[in-house]
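For reference, the chains in residue letters:
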Amino acid sequence: MAGRAEQSQTAEQNQGRDVDLSMRRLKVLPLDILQNPQICQLNLDRNRLKNVRDISELRSLETLILSKNELVDFPSEIGSLRYLEKLHLNQNKIPQIPEGIFSCLPLLKQLKLNNNRLSDFPGDLTCCAELQYLNMSHNLIRKIPDAIGKLGKLEEFYIENNKLCELPPVLFEGCSLRRFSARANPLREPPDEVCGGGLQHIRSYFKQLQNNESLKDKRVKTMFLGASMAGKSTVCKSLTKRELVTIAENDRTIGIEISEFQIEDFSFLCWDFAGHLEYYLTHHVFITPQALVVVVIDLHRYKLDDKDSFKELVGFWINNIFMRVPDSIVLPIGTHVDLCKKDDVQMKKKDIEEKIKEMLTERNENLNQRLAKLNEKSQCELYRDQANKLDDLVKYNLKVLDLIPVDCTQYDAINKAWMQILESVRNTDIFPNAIRTLPVTYKKVEKAITGLIETQKVPFHGTVALDELLEMVNVHNIDSEQLEYILSYLHRIGLILWFQNLQALDKIVFLKPSFLITLFKMIVRHDLLNQLNNIPAKTLKKESAIKPDQQKWIVDFQTKATLHHKAIMVLVKHQLRVNGNKELHEIAEDLIGDDQEKGKLFQILEYFDICLSSKLQALNPNAPEFRPGRQWLLPDSAPPLTYLFPSYLTDAKVVSKQWNEDSDDDLHVRAFFLPEIPQGFFHRVTIKLCNFICSHWVGKERCLVICNGRKLLLKEHNEEANSYIEFRCKEKEGETDFEGRWSLIMTAIEKVKKVLEEWPGLHYSLKTPCRNPSCGHYFDWPDLDEKGRDIEQILEEKEKTCESCGENFQTDLLFCTSKRSWDSNGTVEAANSIMTQQTIQNTYNVTGNYVSGSCTVNIKEQEFHQ
């Protein structure tokens, strides 16, 4: 009994010392709080505080959370809290911090100042010798003081999305810093592509700068986008070959082509992307920030005052650039001028430029309107993260230069246009990081690789084992680890391809990206059906296939958008035989695979969510045993390996058949996107979800998964001002609560959020439609990142009233209310819960014989998951 009394007393003491007043809509600090000097931890997150007057009375404070309030002036009284160890002031509106605050906080260990309006670091921050964590992301900072490097205990430092052009070398000299990110800054020293390699790559960069000479790298990655047959390849190839090159229609770009040319002291690494929408699905793999994006527009096809013409030839590309790389520099080039009247050229130029400006203005107005609506909500503090995301999107500055008309029949006209481009590239206001600082070793490695290719010391296709390449590239003053960092930099700028994060390919380097892209072209192309039809009988026989096999491949592709692995093998080998190079044929076989195993190329396609492989479910009754490290023997009757390409689907009949009808009892949520759902976005969500949940059916703009007896339907609806993905989940027979269904929905939402990471210029919000079928109102979801706490705050009421029709609805029907469906990332626990439900009844840790139906398998000391 005495022990229980002591525990109760301790709990009461802690309750008085640890105070949580988050999400109370406070505008001033409560008097009873200020009169309690024993408080050690005070959480005031998500309130409406504009000041914290008299906070200095709480002299025992060790933790103070003031994030997501309405602070404009930094609270100077915080300087009196000398025992403070943790201070969160993120997501306010603070523009500057007065001197003399942090010099009075010698014990401070954690500081969050991200998502404010700061242009400088606090001058006395270096007095916080105990500081371990610092977040200054999403501000307006242009320089990191060298003194920050003197914070000897700093372990984590985040300064993403600012205005930095350089990082101080002293910051990376010590060993304490373990995590660092400076993503989304216009960096030139080190370049963003170096920072993308992580902390150790940055340290290697500065070490090489210290030990070697530096040079100014004047190379601009230039990406050509635009509708099919707009003239992209004509411009690229004419400049590369320094003469006029005309492109016939049957020679148009398939997939992507790469070339490089020099103009004076600048070189332009050009990526020419095919215009057909079938190819756009692969573009996200190669489109990167920190590049010049050239949108090529066929002025002859362009029609004045035609909304559809602008959308197809211009608007679609500008929109997708903004969503994918929102801080880019975009140059519109008008081609086929020779086919237009002189006056028409200027009129079309003016019309396109005005419409682009209107489009960007309208986008910002829509974002600001959405932001204003969130701020006007009675519980606006619950939507702070969404508001901050909108605020970031408004700040993005997509720079669209004036359109340059070009007569592609005249080389001088093309060259003149590029001289205008060169003038823009030299302008540091437009291209702040066009000239990057590199250690001379980076260029030496690049030249060494070029030499290997030119002297034919590597295969002509440029595919080399990493270990061999490390031995062949002999550059003074760098070790193998530093060489790997340089290779990863060359990968990020597009000179080579090295997929370090893909286990199947982390030991292979493609010195010629064009080779891998050539293989891509053979699979992802607009005329794939014709290619399948044109495989000759002679080739079929060589690959142990017959005409009925070919007809099966064609029918399955036409009706199901699936490609048989065997069909792809035959198709690629046929095209390579036409090429006639035996060496290329051998390396291609390794990348494509054989009848028993898929090759590395398909693992790349799956890694980038371009296709979905079929799962082989059948056990083999003839397999004598299963041992770790040995290939599982499939039965002779196992279904053929196929790949689903959702972009080729033409209907959703198979999904409709399994789903039947929508029901009023379905749980129903929509994810709305602004400005629209990007091309290929839904396909990638579908592939990620179907890779996670084995029971699935996919159709055009539809996807159905079944998990633990529950059906979940995803539907894409993409039209102007009304773009959303709908999630509908049917109840399981006999199910009485909503937790399982919400977990399944949250799993799908987690996949959406994962894909969203690659579209930083895209905004999304979750809404639940009013359950009154005749009402068009929506219930807005709050932020999803705090273990369901925000949802709980909204859902203190058991019913919610629709503001439009006035009807009351059970809150469990509108929002996910279960804590078990949330973690700090919003949805991962839901996903883990679903995975557990899928696998728990199919997990075995036994030895001996396992019997399933007619199959008996001998298992020796092995746990496996079906």
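All residue numbers refer to positions counted from 1 along the written sequence of the respective chain. Given that the model is predicted, a residue must reach a pLDDT of at least 70 before its local features are reported, and side-chain atom pairs must reach 80 or more before they are shown or counted; all residues, however, enter totals for whole chains, interfaces and linings. Note that the side-chain values use all heavy atoms of the structure and ignore hydrogens as well as water.

Participant: Whenever I open this one, the sheet that holds strand E28 (residues 723–729) confuses me. Can you help?
Facilitator: Pairing between the strands of a sheet is mediated by backbone hydrogen bonds and can be parallel or antiparallel. Strand pairing is assigned whenever DSSP detects at least two bridges linking the two strands. The numbering of helices and of strands both runs from the N terminus, where a helix is a DSSP run of H or I of at least 4 residues and a strand a run of E of at least 2. Spatial ordering of the open sheet is given by E25-E26-E27-E28-E24-E29-E30, a layout of 7 strands whose pairing is antiparallel. Strand pairing shows two members of the sheet lacking a second neighbour, strand E25 (696–699) and strand E30 (778–780), which therefore form its edges. Sheet twist, expressed as the mean angle between neighbouring strand axes with direction ignored, is 20°. As paired elements, strand E27 (residues 710–717) and E28 share 6 bridges and run antiparallel to each other. For Leu 712, the partnering residue across the bridge sits in E28 and is Cys 729. Helix H8 (residues 342–376) rests against strand E24 (667–674), strand E29 (763–769) and E30 of the sheet, and its axis sits at about 50° to E29. Axis lines are fitted to C-alpha atoms, over the contacting stretch for helices. Their N-to-C directions set the angle, which ranges from 0 to 180 degrees. Here, two residues are considered to be in contact whenever any of their heavy atoms come within 4.5 Å of each other.

Participant: I would appreciate a short explanation of the packing of helix H22 (residues 681–692) against helix H23 (residues 739–756) in the present structure.
Facilitator: To characterise two packed helices, one gives the angle between the axes of the helices and the distance between these axes. Between H22 and H23, the least distance of the axes is 9 Å, while the angle of their chain directions is 130°. Relative to H23, the element H22 is oriented oblique. Read as a crossing pair, H22 and H23 show a hand that is right-handed. Contacts between H22 and H23 involve Phe 681, Arg 684, Val 685, Lys 688, Leu 689 and Phe 692 from the former and Thr 747, Ala 748, Lys 751, Val 752, Lys 754, Val 755 and Leu 756 from the latter. Amino acids outside the nonpolar list (Ala, Val, Leu, Ile, Met, Phe, Trp, Tyr, Cys, Pro) and the charged list (Asp, Glu, Lys, Arg) are all regarded as polar, and Gly is one of them. For the contact of H22 with H23, a count of residues per class yields 8 nonpolar, 1 polar and 4 charged. What sets the label is the angle itself: under 35 degrees gives roughly parallel, over 145 gives roughly antiparallel, 65 to 115 gives roughly perpendicular, and the rest give oblique. Should the near helix be turned counterclockwise from the far one by less than a right angle, the crossing is left-handed, whereas a clockwise turn marks it as right-handed.

Participant: Before we go on, may I ask you to explain the sheet that holds strand E23 (residues 642–644) in this structure?
Facilitator: Spatially, E20-E23-E21 is the arrangement adopted by the 3 strands of the open sheet, whose pairing is antiparallel. Among the strands making up the open sheet, the edge pair consists of strand E20 (562–564) and strand E21 (612–613). Of the pairings in the sheet, the one linking E21 to E23 comprises 2 bridges and is antiparallel in character. For Ser 613, the partnering residue across the bridge sits in E23 and is Tyr 643. Along the sheet, helix H17 (residues 547–560) contacts E20 and E23; its crossing angle with E20, the most-contacted strand, is approximately 160°.

Participant: Got a minute to help me understand H23 in this structure?
Facilitator: Three- or four-residue spacings in an α-helix give side chains the same orientation, since the helix completes a turn every 3.6 residues. Taking 1.5 Å of rise per residue, the 18 residues of H23 would be expected to cover 26 Å, and the 25 Å separating its terminal C-alpha atoms lies within 8% of that figure. Burial classes follow relative accessibility: with a 1.4 Å probe on protein chains only, a residue under 20% of its type's maximum area counts as buried, one over 50% as exposed, and anything between as partly exposed. Burial runs high along H23: 15 of the 18 residues are buried. To estimate the expected span of a helix, subtract one from its residue number and multiply by 1.5 Å.

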